[in-house]
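Here are the chains, one letter per residue:
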Amino acid sequence: PRYGEMRSSKSQCEVTSLPDATLESAIRELCSLIRRHRLNYDQLAYVSKRARQRLELHPPRRPVPLPKALKQEELQRFFNAIRKHGVAEHELLFKLAYATGARVSELCNIRRAHVDLGAATVRIEQGKGGRSRVVMIPAAILLTLRIHIQSNPTQVFLFETRRRTRFSVRWVQTLASRYGKLAGIESMHPHRLRHTVLTKLAAGITLGDGRRVQGMSDAQLQVVSGHTQRRSLEVYSKLGLSHVREHYDALMQEETD
C-alpha cells in the first residue's frame, strides 16, 4: 500500500488483525533494508521512531475503565466504618465528596470562603481543565458542615491538618482505602464516590412510597459534575443551578446515615 493509505485508522488496529503471511513478508523486506544499510540497534530504533512520526502512526487509545459505582449497601457500610473507627471530620469529608461529586483534588482545594451555607452551595475553583463551578450541598449535611466551619474559625481551607495545611490528595486516598477495607470494600478510592453519585443522579431512584424520580439529563449532570462536552456547550452555557436544585434534592433524598 501507499504511505498515504497507511495513515488511515485501519493502520492503527492491532497487529493480529493482519494475515500472518502479510506480516512475514513485511518483516523480510524490513530485514533486507536493515542489512543493506547496516543499521545497528539504536539506529533502527531511531528510524522506527521517525517513520512513525512521518506516517502519523499512533498506538490505539485504550478506553480508561470507569471506577465501579458502589451499591447502596456498600455506601452504607463505608460510612458506618468511618463512624465506628474514624472521626467526625472524616465522615463530613467523604459525605461532601459524595454529595458534590467533587474530584479528590478539588475537594482538597475547597476553602472556607468557598462555602455559602445560606445558599447551600460550594464553589469548586480551578477544577479539571482549569474550570470553576458552583455545586450544591444537600440539606442532610448542612448542619454538620456549619458546626465544622464554626469550630475551626482560623482555617483557610475547609479541611486542614494539625499543621494548618490542607489535606493532600494522597492522604484522602489513604483514608478512603483504610475505611474501605474496614467496610469490606476492595479497591476503595475517593473517585468511586464521585462515580457513584453521578451514576445515581443519571439513573434516578424509586422513593420509599413508590414514586419514581427520573434521572438528570446530560446538561443537568454537567452542572453538577463539571464535565464539558463540545457538542453541548451551547446548552450548558444557558443552564444554571436554579434549573437543577429541585431535581438534585429529590434524587439525594436517600441519605447515608
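What counts and what doesn't
- Residues numbered from 1 in each chain as written.
- Predicted model: local features only at pLDDT ≥ 70, side-chain atom pairs only at ≥ 80, totals over all residues.
- Heavy atoms only, no water.
- Helix = DSSP H or I, 4+ residues; strand = E, 2+ residues; numbered from the N terminus.
- Contact = heavy atoms within 4.5 Å.
- Areas by Shrake-Rupley, 256 points an atom, 1.4 Å probe, with all protein chains shown as cover.
- Expected span 1.5 Å × (residues − 1).
- Buried < 20%, exposed > 50% of the residue type's maximum accessible area, 1.4 Å probe, protein only.
- Pairing = 2+ DSSP bridges.
- Phe/Tyr/Trp six-rings, centres within 6.5 Å; stacked < 30°, edge-to-face > 60°.
- Arc of directions from axis to C-beta.
- Polar contact = N/O pair within 3.5 Å; in protein donor to acceptor, adjacent residues only side chain to side chain.
- pLDDT = per-residue confidence, 0-100.

## As for the overall build of the chain
Across its full length, the chain carries 11 helices and five strands. Taking all contacts inside the chain whose residues are at least 6 apart in sequence as the whole, residues at least 24 apart take part in 63%. By element, 52% of the accessible surface of the chain is carried by carbon and sulfur atoms, the whole surface being about 16700 Å².

## Overview of helix 8 (residues 190–203)
Its 14 residues give helix 8 an end-to-end C-alpha distance of 20 Å, which sits within 8% of 20 Å, the value for a rise of 1.5 Å per residue. With 10 of 14 residues buried, helix 8 lies mostly within the body of the structure. Among the residues making up helix 8, those that are buried are P190, R192, L193, R194, H195, T196, V197, L198, K200 and L201. Positive backbone phi, approximately 85 degrees, marks G204, located one or two places after helix 8.

## Section: unusual backbone geometry
If a residue is not glycine, its phi is most likely negative; likewise, a peptide bond is most likely trans. Of note in this structure, E56 is not a glycine but carries a positive phi near 55 degrees. Despite not being glycine, R164 shows a phi value in the positive range, around 65 degrees. Its place among the elements puts R164 in the loop between helix 6 (142–151) and helix 7 (169–182).

## Describing the sheet that holds strand 3 (residues 133–136)
One open sheet holds the three strands; their spatial order is 1-2-3, and the pairing between them is antiparallel. Only two strands of the sheet have a single neighbouring strand rather than two, namely strand 1 (115–116) and strand 3. One ladder, built from two bridges, connects strand 1 with strand 2 (residues 121–124); its direction is antiparallel. The residue of strand 2 that forms the bridge with V115 is V122.

## Re the packing of aromatic side chains
Scanning the entire structure with this criterion turns up four aromatic pairs. Between F78 and F79, the ring centres sit 5.4 Å apart and the planes meet at 75 degrees, which makes this aromatic pair edge-to-face. As far as burial versus exposure is concerned, F78 and F79 are alike and both buried. Among the aromatic residues, those joined into a ring-pair cluster are F78, F79, F94 and Y179.

## A look at helix 7
For helix 7, built from 14 residues, the straight-helix expectation of 20 Å at 1.5 Å per residue is met to within 8% by its first-to-last C-alpha distance of 20 Å. Turning to helix 7, its buried residues are V172, L175, A176, Y179 and G180. Down the axis of helix 7, the buried set is contained in an arc of 130 degrees. They therefore lie on one face. The outward face of helix 7, more than 90 degrees from its buried face, is lined by the exposed residues R170 and K181. Of the surrounding elements, those touching the buried residues of helix 7 are helix 3 (72–85), helix 4 (88–100), helix 5 (104–108) and helix 8. Note on helix 7: the residue one or two positions beyond its end, G184, has a positive phi of about 75 degrees.

## Overview of the environment of H189
For H189, the position within the fold is in the loop between helix 7 and helix 8. For the pair H189 and S177, spaced 12 residues apart in the sequence, the C-alpha separation amounts to 6.0 Å. Here Q173 takes part through its side chain, which lies 3.3 Å from a polar atom of the side chain of H189.

## Looking at the confidence of the model for the chain
Chain-level statistics for the chain give a pLDDT mean of 80 and a share of 73% at 70 or above. Looking at the elements of the chain, mean pLDDT is at its lowest for helix 10 (residues 233–237), recorded as 36, and at its highest for helix 7, recorded as 97. Across residues 1–14 the pLDDT falls below 50, and counting only partners more than four positions away or on other chains, this stretch makes 12 contacts in the model. Across residues 229–240, confidence stays below pLDDT 50; counting only partners more than four residues off in sequence or on other chains, it has 12 contacts.

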